[in-house]
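Report on the structure
Residue strings, one per chain:
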Amino acid sequence: MTVVATTRRQAYPARPVRRLPRLLAGLAGGRPAGLNQHEHSYGPLPLPEAAWSGVEGAARRAATRLIDVVERSGLTGRGGAGFPAGRKLRSVAAGPGPAVVVANGSEGEPASRKDRLLLSRAPHLVMDGISLAAFAVGATEAYLVVHGDDARLVASLEAAAQAREVAGIDQVPIQVVGIEGRYVASEQTAIVQHLNGGPGLPTFAPPRTHDRGVAGRPTAVSNVETLAHLAMIARYGHTWFREAGTPSAPGTTLVTVSGAIARPGVYEIELGTPIGEVLMQAGGPAERPQAVLVGGYFGTWLPAEVAWPVSMSHPGLRSVGGAMGAGILVVLPESSCGLAETARVVRYLANESAGQCGPCIFGLPALADALADLAYYGGRGDAVDRIAGLIPLIEGRGACRHPDGATQLAASALAAFSHDARWHDAEGPCYGVRQPPLMPVPGDVEYW
Amino acid sequence: MSERLRVNPITCTAHGMCAELLPEFITLDPWGYPIVPDEPVPDELIGLARKAAAACPTLALVVGKRRRP
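Residues numbered from 1 in each chain as written. Chains lettered and ligands numbered in written order. Predicted model: local features only at pLDDT ≥ 70, side-chain atom pairs only at ≥ 80, totals over all residues.

1. Looking at the packing of helix α3 (residues 56–73) of chain A against helix α9 (residues 224–241) of chain A
Residue and element names in this part refer to chain A. To keep things clear, this is the line we draw: The convention used is that axes are lines fitted to C-alpha atoms, helices contributing only their stretch in contact, and that angles between N-to-C directions extend from 0 to 180 degrees. Only DSSP runs of H or I with at least four residues qualify as helices, and only runs of E with at least two residues qualify as strands; both kinds are numbered from the N terminus onward. Roughly parallel means an angle under 35 degrees; roughly antiparallel means over 145; roughly perpendicular covers 65 to 115; every other angle is labelled oblique. Here a crossing is taken to be left-handed if its near helix is turned anticlockwise relative to the far helix by less than a right angle, and right-handed if that turn runs clockwise. This entry defines residue contacts through backbone-placed C-beta atoms, with two residues in contact when those atoms are within 7 Å. Under the grouping applied here, Gly and all other residues not named as nonpolar or charged are polar, the nonpolar ones being Ala, Val, Leu, Ile, Met, Phe, Trp, Tyr, Cys and Pro and the charged ones Asp, Glu, Lys and Arg.
It is the contact of α3 with α9, at a shortest axis distance of 9 Å, that shows an interaxial angle of 55 degrees. By the criterion of interaxial angle, the relationship of α3 to α9 is oblique. Here the hand of the crossing between α3 and α9 comes out left-handed. The segment α3 lies against α9, with L66, V69, V70, R72 and S73 engaging L230, I233, A234, G237, H238 and F241. Looking at the contact of α3 with α9, its residues break down into 7 nonpolar, 3 polar and 1 charged.

Here it is in structure tokens:
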């Protein structure tokens, strides 16, 4: 148990006895938790006393201790890649000169709601995390990046940041930045380029943002949920964090459940919970399930019977060829057509391309065409082969992972719906293609 | 030496010069963009690889030791 001293001698609320929920514990009512309510639930920001002492050596040692605690907690990034949070902080802290912290709350994934929920209800928990990360890496600038089109959210976050500034809570003021609402703009190199005054588009690495990011300085870009967990770990310690989850996947995580489910929404689960159990928490399938999309629009289709026992964790999903992504589960009912859903989503991803890399500019529309042929027209017997042939021509050939996400989705659809795919290719579309679209796609395209 | 070729996919605009100069290693996809194997360039081709990198009109082809992160 790590005790982090604070400047303000104020007692912490007793450490939470119940393991769950953690992040969503203070979400009573539909309004954002104000600063007072936040401090009442979680206690003040646990910045070590040395942070304010002005003694550089003492502050640096306290920062190293904080990073040690994060590393021991086993916290991994909750944005999708699952990179160890402690290692990221350490490498940015070791970089030359003052660092920059960027909290990514832009949530480009249309099927994810968790970051928006966290930011709209518990903004100060996220901002505590930003402040602690800034202290850990020795940052002199801190940004909270969200979608600019959500003006109400931006305004409420700006108000929260101002309240903290008035109360003198953070060492580094948190700047709220609204970025363009498109899918690729939420990619970390795109955010860094935007903050540097360029277009919000992905760039070619290296240099990696760890080494040279905002203003050429070492930059830690972290998902807002990761930072909220960091704020909890700094308060209650790494041992407490590990009380939930499994040894290889410790802690809790937020998942967004949608599709044919009784109570769609955001749920906080222990990492390692079987997918079937998560879906039962959400009221269970609303119809007989056919398959589950895990990880979002960059994700993987798993047949329902495969998905049910799989544990929600990076190792668990990797074992069946999937990935956690941002913790998204979409339940596909028996009555829908998985190929039609995939075709619609890949068309959307093709339209969302930043238009910078050839394989993405030309490959994704070709892949979307082939999938649409298979799903809606079929009957030519060559669509499956066309799709399988296009995938290796696209995968891994863009500057960012956008094209890889689309090929992953297409490849998993051919595997999970292999029987349907053969039927479509030989005989034509099934009845399922007439079902209303299941997965939300901004600006839906109709084929029929 | 284990030197690798990398293409910066943002700057590459499919001139196809590299595949012309180094067909032993680089092929083109249906849209004219180079497909570069993610493996070290064979020793006997390294000179030609450097020439191909230098000839790229958009300087998108890079010879380097580091793998793509």
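2. Here's the deal with the sheet that holds strand β6 (residues 265–270) of chain A
All names here are of chain A. The cut-off we apply is this: Here, strands pair whenever DSSP counts at least two bridges between them.
One open sheet accounts for 5 strands, arranged β6-β5-β9-β7-β8; its pairing is mixed. Each edge of the open sheet is held by one strand with a lone partner, namely β6 and β8 (300–303). Neighbour to neighbour, the strand axes of the sheet diverge by 30 degrees on average, direction disregarded. Across 6 bridges, strand β5 (residues 252–259) lies against β6 in antiparallel orientation. In the strand pairing of β6, V255 is matched with Y267.

3. Some remarks on the pairing of strand β4 (residues 219–223) of chain A
Residue and element names in this part refer to chain A. Heads up, the rule is: Exposure classes come from backbone-placed C-beta atoms, where a residue is buried if 20 or more other C-beta atoms lie within 10 Å of its own, exposed if 12 or fewer do, and partly exposed in between.
Where burial is concerned, most of β4 is hidden: 5 out of the 5 residues are buried. Residue alternation in β4 divides its side chains into two sets, T219, V221 and N223 and A220 and S222, and both sets are buried. Across 5 bridges, strand β1 (residues 99–104) lies against β4 in parallel orientation. Bridge pairing in β4 places V100 opposite T219.

4. With respect to the packing of helix α4 (residues 85–94) of chain A against helix α6 (residues 123–137) of chain A
Residues and elements named next belong to chain A. Axis separation between α4 and α6 bottoms out at 8 Å; the angle between their running directions is 45 degrees. Put simply, α4 runs oblique to α6. Residues L89, V92 and A93 of α4 touch α6, and the partners they reach there are A133, A136 and V137. For the contact of α4 with α6, the per-class residue count stands at 6 nonpolar, no polar and no charged.

5. Brief notes about the domain arrangement of chain A
All names here are of chain A. How we decide: Delimitation of the domains relies on an automatic or database domain assignment.
Taken domain by domain, chain A consists of domain 1 (35–241), domain 2 (252–333) and domain 3 (338–434). A separation of 27 Å is found between the C-alpha centroids of domain 1 and domain 2. Taken together, the contacts link 13 residues of domain 1 with 14 residues of domain 2. Its residues assigned to classes, the side of domain 1 that touches domain 2 shows 3 nonpolar, 5 polar and 5 charged.

6. Section: the environment of L20 of chain A
Locating L20 of chain A in the fold gives a position in the segment before α1 (35–42). For the pair L20 of chain A and L153 of chain A, spaced 133 residues apart in sequence, the C-alpha to C-alpha distance is 26 Å.

7. Looking at the interface of chain A and chain B
Contact with chain A, which involves 13 residues of that partner, is made by 10 residues of chain B. The element best represented in the side of chain A that touches chain B is helix α14 (residues 358–377) of chain A, accounting for 3 residues. Of the residues that constitute the side of chain A that touches chain B, the class distribution is 8 nonpolar, 3 polar and 2 charged.

8. Quick word on unusual backbone geometry
Positioned with a positive phi, E107 of chain A is a non-glycine residue whose angle comes to about 40 degrees. With respect to the helices and strands, E107 of chain A occurs in the loop between β1 and α5 (114–121). Its identity as a non-glycine residue notwithstanding, A14 of chain B has a phi of 65 degrees, on the positive side. Mapping A14 of chain B onto the fold places it in the loop between β1 (4–7) and α1 (17–21). Residue classification places A14 of chain B among the partly exposed residues on the basis of 17 C-beta atoms within 10 Å.

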